[in-house]
Amino acid sequence: MEELNYTFLYPELVGKNKCEILEFLKDNKSTEFDNWLEDLEPDLNYYIEGIALLIICTFGIIGNIISILVLTSQDIDLKPSFANILICLAVFDLIFSVCEILMYSLQHLSPFYKTYFFPHLVPMLLGIIHVALTGSVYTTIAVAVERCVTVCAPFTSIKMYRGALYIVPIVLFSFLYNINKFYETKTVYKVNTDNETLPAIKSNPDLVTLSYVATTRITNCIVMGLIPMVVLMLLNYLIYKAVSQAHAHHNSITQGNAHRRDSTMAALLMGIVFVFMICHSIKTALNIFEASKVMELWPCSSSLAWGPKQEVLSILSHILIGLNSSMNILIYVFKDFKFRQVLAQYICGKKENKNHATRRGASITANTTRAPISSFPLTNLTTIGDMVDTASSNQTADNRASSNQTADNTASSNQTAENTVLQPLATYTDTHL
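Our subject in this report is the structure included herewith. The model shown is predicted, which means the values in this text are computed figures rather than measured ones.

### What to know about the nonpolar core
Thought 1: Grouped together as the largest cluster of nonpolar side chains are 66 residues, with contacts concentrated most on Leu71, Leu78, Leu86, Met103, Tyr332 and Phe339.
Thought 2: Those residues in contact with Tyr332 that lie beyond four places of it in its chain are Ser67, Leu71, Leu86, Leu89, Leu268, Ile272 and Phe339.
Thought 3: Counting residues in each nonpolar core, the second largest holds 5 residues, with Tyr212, Val213, Ala214 and Val294 among its members.

Encoded structure:
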């Protein structure tokens with residue numbers, strides 16, 4: 001703080017301490033841009049936090065419910081642990097979208113809701129929305145960790161208990177880390193000028209002190225800002241590197257459908273992480289700004305105050321985080337063909353027959369069972385059609401041979417052919433199925 005510069009501009013600040021100077025500057029040192037933002041803030045509250053956020057979160061609620069239904073389907077073809085982590089992410093995002101509507105949107109759209117319902121809901125909503133946000137952030141990290149282990153160390157055997165090893169710690173941490181949020185505010189009753197008793201929101205003075213606010217802002221910057229961003233960038237880089245090396249060595253061909261499925265899920269994760277980092281960028285920047293101001297200007301209460309710029313950025317941050325909680329279904333649809341198939345089944349009300357892809361193979365198995373395997377000459381085992389035709393012709397030959405007096409010689413010859421052709425036929429059938 002260069003006090004001489006301010007005392008030269010404002011002689012009344014001579015002899016004032018740092019905190020008194022900051023209080024004076026907060027009230028007097030405002031620019032035209034700050035004044036313009038203050039005038040613009042009511043419109044931003046109504047159109048951005050009110051209408052736009054309501055639309056985005058409504059879409060997010062519907063999208064996350066659909067995602068949960070699709071991800072619980074047996075046809076989605078995902079590892080149980082990975083599918084359950086994605087379901088957990090959808091649940092956290094669903095709760096967050098509902099809380100954003102109740103916490104930010106409706107109070108700007110309905111004066112009746114803001115006056116009579118909002119003060120009663122805030123103490124509970126403040127805790128729930130932070131639990132849901134923390135859970136969403138760290139479940140995204142869990143998705144990245146699971147994919148990193150699967151792609152970078154595919155032969156590592158770790159018992160995940162269907163994803164519970166990820167989900168249970170995240171749920172416990174999200175609740176315990178934000179348990180204080182449930183006690184930061186309380187509902188009180190005040191009498192207005194019309195002698196009407198109305199509910200109001202009041203901070204808990206026993207908890208929300210200057211040191212408490214400063215500590216929570218610094219902690220929030222680290223736990224909810226820096227750590228998730230750094231970890232996700234590192235994991236995303238490792239996954240991208242592993243997938244690139246796999247494609248360079250043609251592993252998608254040699255390892256078949258399972259590897260291609262893992263590559264698809266890796267691409268899906270990259271989409272989730274990219275959207276996450278874009279949508280959480282303003283929030284992370286605000287967290288860093290808050291922490292830096294607290295450390296620079298402590299112990300002045302002015303270090304905790306927000307100006308018009310921060311208020312506007314906070315509104316935009318609410319929109320972007322709501323968008324992040326609502327967009328995952330679009331990423332699933334765009335990146336994963338299996339998700340599209342199962343979603344189409346739900347929309348059309350039809351379920352694909354699981355045996356459709358193997359009907360031809362089942363038919364062949366039935367034919368080879370009915371036809372004597374000993375009558376398949378090795379030279380005719382070239383195509384499926386040839387095999388079935390040969391089986392039919394040899395069945396006719398066997399029927400004729402049964403009425404012939406030379407059946408002993410024919411049976412001996414066919415027994416030799418059976419021993420020769422049994423192993424190649426079994427190998428062919430396993431490959432097809």
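### Side note on unusual backbone geometry
Thought 1: For Asp77, which is not glycine, the phi dihedral falls at a positive 60°.
Thought 2: For Asp77, a relative accessible area of 44% gives the class partly exposed.
Thought 3: Not every positive phi belongs to a glycine, and Asn195 is a case in point at roughly 60°.
Thought 4: Position of Asn195 among the secondary structure elements: in the loop between strand S1 (185-191) and strand S2 (197-203).

### Quick word on the pattern of salt bridges
Between side chains of opposite charge, pairing is possible as soon as their charged atoms come close.
Thought 1: Per the counting criterion, the structure on display carries 4 salt bridges.
Thought 2: Within this structure, Lys79, Glu146 and Arg147 form a network of salt bridges that share partners.

### Re the pairing of S1
Thought 1: Relative to S2, S1 is paired through 7 bridges, and the arrangement is antiparallel. By the bridge assignment for S2, Thr185 is matched with Ser203.
Thought 2: In textbook terms, the turn of a hairpin is the stretch between consecutive antiparallel strands, and for S1 and S2 this stretch comprises 5 residues, one of which, Asn195, has a positive phi near 60°.

### Digging into helix H4 (residues 80-109)
Thought 1: Taking 1.5 Å of rise per residue, the 30 residues of H4 would be expected to cover 44 Å, and the 42 Å separating its terminal C-alpha atoms lies within 8% of that figure.
Thought 2: Of all the 30 residues making up H4, 21 are buried; the element is thus mostly covered by neighbouring parts of the structure.

### Quick notes on a nonpolar patch on the surface
Thought 1: Together, Val168, Leu172, Phe175, Leu176, Ile179 and Tyr183 line one region of the surface with nonpolar side chains, adding up to about 590 Å² of accessible area.
Thought 2: Looking at the element boundaries, Phe175 is found in helix H6 (residues 164-177).

### Some details on the packing of aromatic side chains
Thought 1: Tallying each qualifying case throughout the model produces 9 aromatic pairs.
Thought 2: Taking the centre distance of 4.9 Å and the plane angle of 40° together, the rings of Phe112 and Tyr116 count as tilted. With Phe112 and Tyr116 both in helix H5 (residues 111-152) and 4 residues apart, the pair spans about one turn of that helix.
Thought 3: Relative accessible area serves as the criterion here: at 34%, Tyr116 is assigned to the partly exposed category.
Thought 4: Each ring, one from Tyr113 and one from Phe118, has its centre 6.2 Å from the other, and the planes form 50°; the classification is tilted. Take Tyr113 and Phe118: they sit in the same class, and that class is buried.
Thought 5: The rings of Phe112, Tyr113, Tyr116, Phe117 and Phe118 are connected pair by pair, giving a single aromatic cluster.

The rules we used
- Residues numbered from 1 in each chain as written.
- Predicted model: local features only at pLDDT ≥ 70, side-chain atom pairs only at ≥ 80, totals over all residues.
- Heavy atoms only, no water.
- Core = buried A, V, L, I, M, F, W, Y, C linked by side-chain atoms within 4.5 Å.
- Buried < 20%, exposed > 50% of the residue type's maximum accessible area, 1.4 Å probe, protein only.
- Contact = heavy atoms within 4.5 Å.
- Helix = DSSP H or I, 4+ residues; strand = E, 2+ residues; numbered from the N terminus.
- Salt bridge = Lys/Arg side-chain N within 4 Å of Asp/Glu carboxyl O.
- Pairing = 2+ DSSP bridges.
- Expected span 1.5 Å × (residues − 1).
- Patch = residues over 30% accessible without salt bridge, like charges linked within 9 Å, V, L, I, M, F, W, Y side chains within 5 Å.
- Areas by Shrake-Rupley, 256 points an atom, 1.4 Å probe, with all protein chains shown as cover.
- Phe/Tyr/Trp six-rings, centres within 6.5 Å; stacked < 30°, edge-to-face > 60°.

None of this, on its own, says anything about what the molecule does.
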